[in-house]
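# Geometric and topological summary
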Amino acid sequence: MEENLNQMPESPKNPAGTATMPLSPKYSERPEAMPGNRGISAGAESGPASPENPAGTETKQEIPESSAGREIKRKVQENPAGTDIKQRNPETYAGTEKGQEKPLTELNSGDTEEDRKRAAKRSAFIEEALSWVKSFVLMFLVALFLTQFIIINAVIPSGSMEDTIMTHDRLIGARFSYWFDDPERGDIVIFHYPVDEKKIYIKRIIGLPGETVRIENGRIYIDDAAEPLSEGYLKEEWDVLNDGFVFHVPEGSYLMLGDNRNWSEDARYWADNALDEGLAYSMSEAERFSYVRKEKILGKAIFTYFRKFRILVHGDWYTQ
């Protein structure tokens, strides 16, 4: 390549006399458009050689730095990696630690720790209340089922069964007692009053289906028995309507008398009551009201629980 270079004479602009290439007409009038001069900002020029710039290299006029430029430089220094910097708006973000900021709108919408605690308390209260409601409803349904199908809870309004059951005693009866068994003599039963079935009575079974029961001089005889029925449960000496009754108990029916015979409105009165109520027009027609059919018996009295606890299921003791 040396053979193609022309040695140029020395001059102030080329003191070494080095070879130079002639400028293309394209760049002769606009030096700044030369490829080597691209990117030089306005105000930059090539100056003559001097003690400060012996090579005569290009110099750039320094532009004063603005506040915006200083801010950008500060951010670049703080974030040399060039990662994204999020500008925080104090009206939008709370003063939480970096990376954990939450918008104020969220903080005001029940998302604070205190709001979460209050919400948890309300939720716990509602769950507790619902639990109590469910418990009460369940107990009510169980009690309703028991009283309608299993037990009888009754209050005794009169003294017709004294001294076995006292006035205002409360008792429990079993509805299922006669689902599979028939009533027995001596059972204390709760039943619909034959003359007015809206009323509920409690008496003791004396006559069974198909039996003939005679009342003579304050004693009860079953069929042709020579010995009277032993009734150790009577309150006192029986002297009211204690003679002259004969009852032929129909099949499927039972004869009921109270333990307090002097004060008990029982089978001895019911036929007359039916006549008085116009339910029958003759005594023979009214006799059917003296008996209680099995399907009208609600249940068997088991025990009293107020005011005194007593077992009412009879045994051998009731005849003593």
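Data block above holds the structure.
Residues numbered from 1 in each chain as written. Predicted model: local features only at pLDDT ≥ 70, side-chain atom pairs only at ≥ 80, totals over all residues. Heavy atoms only, no water.

### Some remarks on the pairing of strand S8 (residues 219-222)
- Across four bridges, the pairing between strand S7 (residues 212-216) and S8 is antiparallel. Within S8, the position partnered with Glu 216 by the bridge is Arg 219.
- A loop of two residues connects S7 with S8, the two strands running antiparallel in sequence, and Asn 217 in this loop sits at a positive phi of about 55°. (Pairing = 2+ DSSP bridges. Helix = DSSP H or I, 4+ residues; strand = E, 2+ residues; numbered from the N terminus.)

### Here's the deal with a negative patch on the surface
- On the surface, Asp 163, Glu 236, Glu 237 and Asp 239 cluster together to form a negatively charged patch.
- Mapped onto the elements, Asp 239 comes out in the loop between S8 and strand S9 (245-248). (Patch = residues over 30% accessible without salt bridge, like charges linked within 9 Å, V, L, I, M, F, W, Y side chains within 5 Å. Areas by Shrake-Rupley, 256 points an atom, 1.4 Å probe, with all protein chains shown as cover. Salt bridge = Lys/Arg side-chain N within 4 Å of Asp/Glu carboxyl O. Lys, Arg positive; Asp, Glu negative; His and termini not counted. Charge placed at Lys NZ, Arg CZ, Asp CG, Glu CD.)

### What to know about the pattern of salt bridges
- Applying the stated criterion to the full structure yields 15 salt bridges.
- Note that Lys 294 is salt-bridged to Asp 182, the shortest N-O span being 2.7 Å. Here Asp 182 lies in the loop between strand S4 (170-174) and strand S5 (188-192) and Lys 294 lies in the loop between strand S11 (292-293) and strand S12 (297-306), a separation of 112 residues in the sequence.
- According to the relative accessible area criterion, Lys 294 is partly exposed, its value standing at 28%. (Buried < 20%, exposed > 50% of the residue type's maximum accessible area, 1.4 Å probe, protein only.)

### Examining the sheet that holds S8
- With respect to topology, three strands assemble into an open sheet ordered S8-S7-S9, the strand pairing being antiparallel. What marks the edges here is a single partner per strand, and that holds for S8 and S9. Each neighbouring strand pair of the sheet contributes to a mean axis angle of 15°, computed without reference to strand direction.
- In this sheet, S9 lies alongside S7 in antiparallel orientation, the contact comprising four bridges. In the sheet register, Val 213 faces S9, and the bridge partner there is Phe 247. (Axes fitted to C-alpha atoms, helices over the stretch in contact; angles between N-to-C directions.)

Without other data, these values stay purely geometric and don't point to any function.
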